[in-house]
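Chain by chain, the residues:
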Amino acid sequence: MDLATAAQLRDAIVTAVADAEPDMSVVVDLAGLRFIDSAGISVLLRGRRSALAAGREFRVAGAEGLVLEVLQLTGIWPLLSGEAA
């Protein structure tokens, strides 16, 4: 997920947040994703903010390998995964 593909994720998150029932969570499954850059990270963080503003829970799951490492190194994995206290 990079600058060339981040808009697709953004659109999917916007749709999921809009279509979710009030008691539903929005979960972004990153299983199989092998690369993420700052554009992808930005979309995930903006998606989280928009979901929370709409009263929806937001969580990222399935990150592994380099993607998980990047999210951990940037310090946002606990926030995105729901592990943050």
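This text follows the structure it describes.
Let us now look at the packing of helix 1 (residues 6-19) against helix 2 (residues 38-53). Relative to each other, helix 1 and helix 2 sit at 10°, their axes nearing to 9 Å. Looking at the two axes, helix 1 sits roughly parallel to helix 2. Contacts between helix 1 and helix 2 involve Ala 6, Leu 9, Arg 10, Ile 13 and Val 17 from the first element and Ala 39, Gly 40, Val 43, Leu 44, Gly 47, Ser 50 and Ala 51 from the second. Considering only residue class, the contact of helix 1 with helix 2 consists of 8 nonpolar, 3 polar and 1 charged.

A word on the layout of surface pockets. Reported here for the largest pocket is a volume of approximately 170 Å³. Every residue lining the largest pocket is listed: Ala 6, Ala 7, Arg 10, Ile 13, Val 14, Ala 39, Ser 42, Val 43, Arg 46, Gly 47 and Ser 50. No other element matches helix 2, which puts 6 residues into the lining of the largest pocket. Of the residues assigned to the lining of the largest pocket, the class counts are 6 nonpolar, 3 polar and 2 charged.

With that settled, the discussion passes to the nonpolar core. Counting 23 residues, the largest nonpolar core has Ile 13, Val 28, Leu 30, Leu 44, Phe 58, Val 60 and Leu 71 as the members making the most contacts within it. When residues of this core are traced back to their parent elements, those giving at least two are helix 1, strand 1 (25-29), helix 2, strand 2 (57-61), helix 3 (65-73) and helix 4 (77-81). In terms of residues, this core owes the most to one element, helix 2, which gives 5 residues. Excluding its chain neighbours within four sequence positions, the residues that come into contact with Phe 58 are Ile 13, Val 26, Val 28, Leu 44, Gly 47, Arg 48, Ala 51 and Leu 80.

Cut-offs applied
- Residues numbered from 1 in each chain as written.
- Predicted model: local features only at pLDDT ≥ 70, side-chain atom pairs only at ≥ 80, totals over all residues.
- Heavy atoms only, no water.
- Axes fitted to C-alpha atoms, helices over the stretch in contact; angles between N-to-C directions.
- Helix = DSSP H or I, 4+ residues; strand = E, 2+ residues; numbered from the N terminus.
- Parallel < 35°, antiparallel > 145°, perpendicular 65-115°, else oblique.
- Contact = heavy atoms within 4.5 Å.
- Nonpolar A, V, L, I, M, F, W, Y, C, P; charged D, E, K, R; others polar.
- 1 Å grid on protein atoms, 1.4 Å probe; cavity = no way out; pocket = protein on both sides within 12 Å on 5 of 7 lines; lining within 4 Å.
- Points joined across faces, edges and corners; volume = space filled by probe spheres on them.
- Core = buried A, V, L, I, M, F, W, Y, C linked by side-chain atoms within 4.5 Å.
- Buried < 20%, exposed > 50% of the residue type's maximum accessible area, 1.4 Å probe, protein only.

Shape descriptors only; they carry no functional weight alone.
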